[in-house]
Amino acid sequence: MMHYYNRRICVAVVGSLALTATLAAQGPGRSLPADNPNGFVAIFDGKTLNNWDGDPVFWRVEDGVIVAESTPDKRVTVNTFLVWRGGTTRDFELKIDYRVTPNANSGVQYRSVELPNVGRWVMKGYQADLDGTNQYSGQIYEERGRGFLAMRGSFTRLGGAAGGGNKLIGSFGDDALLKAVLKPNEWNSLHIIARGNTITQMVNGRVMSAVVDDDEPGRALEGLLGLQLHTGPPMKIEFRNIWYKKL
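Quick caveat: nothing in here was measured; it's all calculated off a predicted structure. (Residues numbered from 1 in each chain as written. Predicted model: local features only at pLDDT ≥ 70, side-chain atom pairs only at ≥ 80, totals over all residues. Heavy atoms only, no water.)

Some details on the nonpolar core
Grouped together as the largest cluster of nonpolar side chains are 43 residues, with contacts concentrated most on Trp52, Trp59, Leu94, Val108, Tyr110, Leu227 and Phe239. When residues in this core are grouped by element, the largest group, five residues, is from strand β6 (residues 92–100). With residues near it in sequence (within four places) discarded, tryptophan 59 still touches Leu49, Gly54, Ile66, Val67, Ala68, Thr80, Phe81, Leu82, Leu227, Gln228, Leu229 and Phe239. Of all hydrophobic cores here, the second largest spans eight residues; its members include Phe155, Ile169, Val207 and Ala210. (Core = buried A, V, L, I, M, F, W, Y, C linked by side-chain atoms within 4.5 Å. Buried < 20%, exposed > 50% of the residue type's maximum accessible area, 1.4 Å probe, protein only. Helix = DSSP H or I, 4+ residues; strand = E, 2+ residues; numbered from the N terminus. Contact = heavy atoms within 4.5 Å.)

In structure tokens, the structure reads:
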């Protein structure tokens with residue numbers, strides 16, 4: 001059973017869950033109609049990387065899919081990102097399908113910033129974590145920042161007057177049961193909702209993690225969207241059906 005630490009957070013999360021109903025019902029790999037009544041717009045045209053910016057050595061479009069791939073001859077030396085140049089993410093919803101190889105490590109960045117002093121196409125900020133073994137998939141992470149913010153199944157509060165740090169304030173279920181919802185080597189559907197300082201992440205229609213970020217010095221309420229290709233062994237990551245709605 002979920003336990004909330006106050007009514008404000010309860011209302012915020014229940015509202016977020018209600019907003020996911022139509023999308024979850026469609027399931028992974030299903031496109032929303034162009035005239036969908038939910039206000040989502042496609043930010044990937046399925047053919048080109050228009051409005052997206054990344055290293056062409058690693059990023060391409062193939063058969064309606066954004067593909068990120070490293071090889072023995074083309075290795076990633078620092079986590080590299082495909083950055084959306086169509087705007088910034090503040091209060092929003094994002095729905096995106098992803099598929100990763102078993103050895104892959106990836107994520108979806110939002111409310112993030114670029115770090116040109118570290119390297120071109122390097123980002124810092126909130127991340128919906130994704131990996132091929134589903135050890136971390138579904139959790140809320142902060143790239144080059146505060147690290148693990150909410151593990152899979154966790155609802156956490158960050159910072160605030162009550163001592164700061166990360167405080168577990170609820171649970172969305174057992175980690176093993178939530179992991180079973182994820183589909184290795186297949187298409188999965190990620191859904192992110194961010195409203196103010198409350199963030200909720202879902203995969204395949206199930207809530208995986210949520211955060212109320214009261215850490216005012218550490219948090220970001222607006223920033224860039226990006227897709228990650230991680231350092232490590234050769235890997236392949238695919239994204240499709242990218243739908244965005246400004247709230």
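Still to come is the rest of the account.
Focus on the pattern of salt bridges
One pass over the full model with this rule turns up 15 salt bridges. A salt bridge links aspartate 53 to arginine 85; the nearest nitrogen and oxygen atoms lie 2.8 Å apart. Remark: arginine 85 occurs in the loop between β5 (80–84) and β6 and aspartate 53 occurs in strand β2 (residues 52–53); sequence separation between them is 32 residues. A relative accessible area of 37% means that arginine 85 is categorised as partly exposed. The salt bridge involving arginine 60 is made with glutamate 69; its shortest N-O contact spans 2.9 Å. Since its relative accessible area comes to 28%, arginine 60 is described here as partly exposed. Connected through shared salt-bridge partners, Glu142, Arg146, Asp213 and Asp215 make up one network. (Salt bridge = Lys/Arg side-chain N within 4 Å of Asp/Glu carboxyl O.)

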